[in-house]
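# Commentary on secondary and tertiary structure
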Amino acid sequence: MKKTLFERLRPAPLTAKVASVDACVYFYRAATFLGWVQPEGLGQVQRWAYFLWTCTTMLLGLLYLPLGLTLTFVVHFDMFGPSEFLSSVQVDINCIGNVIKACVTYSQMWRMRRINEMIAPLDERCVTLNQRQILHTMVARANLIIMFFLSVYIGFTTTTLFASLYAGQAPWQLYNPLVDWRQGTRQLWLASLFEYFVIGIAVTQEMLSDTYPIVYLSMFRAHLAILKDRMAQLRCNPELSEQQNYQQLVDCIKDYRTILHCCELIRPTLSATIFAQFMLIGIVVGLAAVNILIFTSSLGMVMSNVTFIAAICIESFPLCMTCELLIADCESLAFAIFHSHWVDAERRYKSAIIYFLHRVQQPIQFWAGAIFPISVQSNITVAKFAFSIITIVNQMNLAERFRKE
């Protein structure tokens, strides 16, 4: 069982056959669990049952959760303490971003399937041990990233659940007309477990929206590294004719063009989801920091808010870092092209090298909402807004006002 579930978290042996699509194994498993990807071979009754499950997860994660949190503020506003209020507000605001990102990701899943089809022929170019090692390492790392994201997100929900139960209250206090957690221990457990189930669906949806860019950009980076290795080996085999060397160069150019087409295919989805995340990250982290520094008194709630901040930060920072590394990979590929063995080649080979070098010098860069580049600097800039929220709370003396009320 362990091998079946977690075998792809480590690089497979070089003798095993590995494809780029294997980097998405855990991603598609989570998507299948949520009802986003229908398994093959289902009967008619099973397809209808799976469609019902898809509707259920969508309604709970994208409709009931933000609506339930908002209704709680309206109906039970006078029952909130400052810490509980901020915990619910930061989750509610993050849910708004989750709704946008999940809807965009779900509606654009066809782009990912198309990328898997387009990039599959590039796997056949991996003929050397070094090239296969790059591919195998990328597959394991991508699946490990998905499991890491899911662990952090589930860690946040679990710590919040037990910290709230220890304090004798529902974790997020979702509006629930059927069960009132204030009426006794049994109702508290029922309401808390139901909220945990709803939040679990929502964080899994958010995990899919946050990990697909990293997985596919890691895939592109791996094939750029393989392309760099292939460029270093061009015209090194004396047994090949100039025509064969030229054909290998043309194949490299075609493969780079395929990578560019894949980037263009994922660009609209990536731009929309990261833009929504950038717009909310400063507000959410600021509220969580205020909650920790001013209002939270129990260790459990402090740990819950710390894991929440960690979950929010990893929603954008790894992607921003990957985008910068992708730009560096393009520069590294350009150097590899320039230092390849082309000096004594025939004229058409040199012409193709010049064209290739000129094209690679235009780095692959992604933008958030076509407004600002996806980079670590942009991530730091939007995160700085959290300090502005802390400053506003201190200058307006809101902490003392909440405590008096």
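Higher on the page you've got the structure.
Residues numbered from 1 in each chain as written. Predicted model: local features only at pLDDT ≥ 70, side-chain atom pairs only at ≥ 80, totals over all residues. Heavy atoms only, no water.

### Some points on the side chain of Thr-105
Selection criterion: Counting from the N terminus, the helices are DSSP H or I runs at least four residues long and the strands are E runs at least two residues long. Note on exposure labels: buried denotes an accessible area under 20% of the residue type's maximum, exposed denotes more than 50%, and partly exposed covers the range between, all computed with a 1.4 Å probe on protein chains only. Contacts were defined at the residue level, with two residues in contact if any of their heavy atoms lie within 4.5 Å.
As for its placement among the helices and strands, Thr-105 is situated in helix H4 (residues 82–107). Since its relative accessible area comes to 0%, Thr-105 is described here as buried. Those residues in contact with Thr-105 that lie beyond four places of it in its chain are Trp-36, Met-112, Leu-208, Ser-209, Tyr-212, Thr-269 and Thr-273.

### Here we look at empty space enclosed by the protein
For clarity, the threshold we go by: Using a grid of 1 Å spacing that covers the protein atoms alone, one calls a set of points a cavity when a 1.4 Å probe fits there but cannot get out, and a pocket when the set is open and has protein on both sides within 12 Å along at least five of seven lines; lining residues are those with an atom within 4 Å of a point. Grid points are joined across faces, edges and corners, and a volume is the space filled by probe spheres set on the points.
Scanning the model with the defined rule gives four cavities of 30 Å³ or more in all. Quantified by volume, the largest cavity comes out at close to 160 Å³. In this structure, the largest cavity is lined by 15 residues; those nearest its centre are Asn-94, Phe-156, Val-203, Glu-206 and Phe-308. Elements supplying a minimum of two residues to the lining of the largest cavity: H4, helix H6 (129–167), helix H7 (185–232) and helix H9 (299–338).

### What about the side chain of Asp-255?
Here Asp-255 lies in helix H8 (residues 242–295). Residue contacts for Asp-255: discarding those within four places in its chain leaves Leu-122, Arg-125, Leu-227 and Arg-230.

### Structural notes on unusual backbone geometry
In the Ramachandran plot, Arg-235 falls in the positive-phi region, its phi being about 60 degrees despite a non-glycine side chain. Relative to the assigned elements, Arg-235 resides in the loop between H7 and H8.

### Observations regarding helix H5 (residues 109–123)
Think of an α-helix as turning once every 3.6 residues; residues three or four places apart then point the same way. Heads up, the condition is: To estimate the expected span of a helix, count its residues, drop one, and scale the result by 1.5 Å.
For H5, with 15 residues, the first-to-last C-alpha span of 22 Å sits near the 21 Å given by 1.5 Å per residue. Turning to H5, its buried residues are Met-109, Arg-111, Met-112, Ile-115, Asn-116, Met-118, Ile-119, Leu-122 and Asp-123.

### Let's talk about a nonpolar patch on the surface
Selection rule: Patches in this entry comprise residues that are over 30% relatively accessible and not in a salt bridge; like charges within 9 Å are linked, as are nonpolar side chains (Val, Leu, Ile, Met, Phe, Trp, Tyr) within 5 Å. Per-residue and other accessible areas follow the Shrake-Rupley method at a 1.4 Å probe size, with only the shown protein chains counted as cover for residues. Salt bridge criterion: a side-chain nitrogen from Lys or Arg within 4 Å of a carboxyl oxygen from Asp or Glu.
On the surface, Leu-59, Leu-63, Leu-67, Leu-71, Val-74 and Val-75 cluster together into a nonpolar patch covering about 540 Å² of accessible area. Tracing the sequence through the fold places Leu-59 in helix H3 (residues 44–75).

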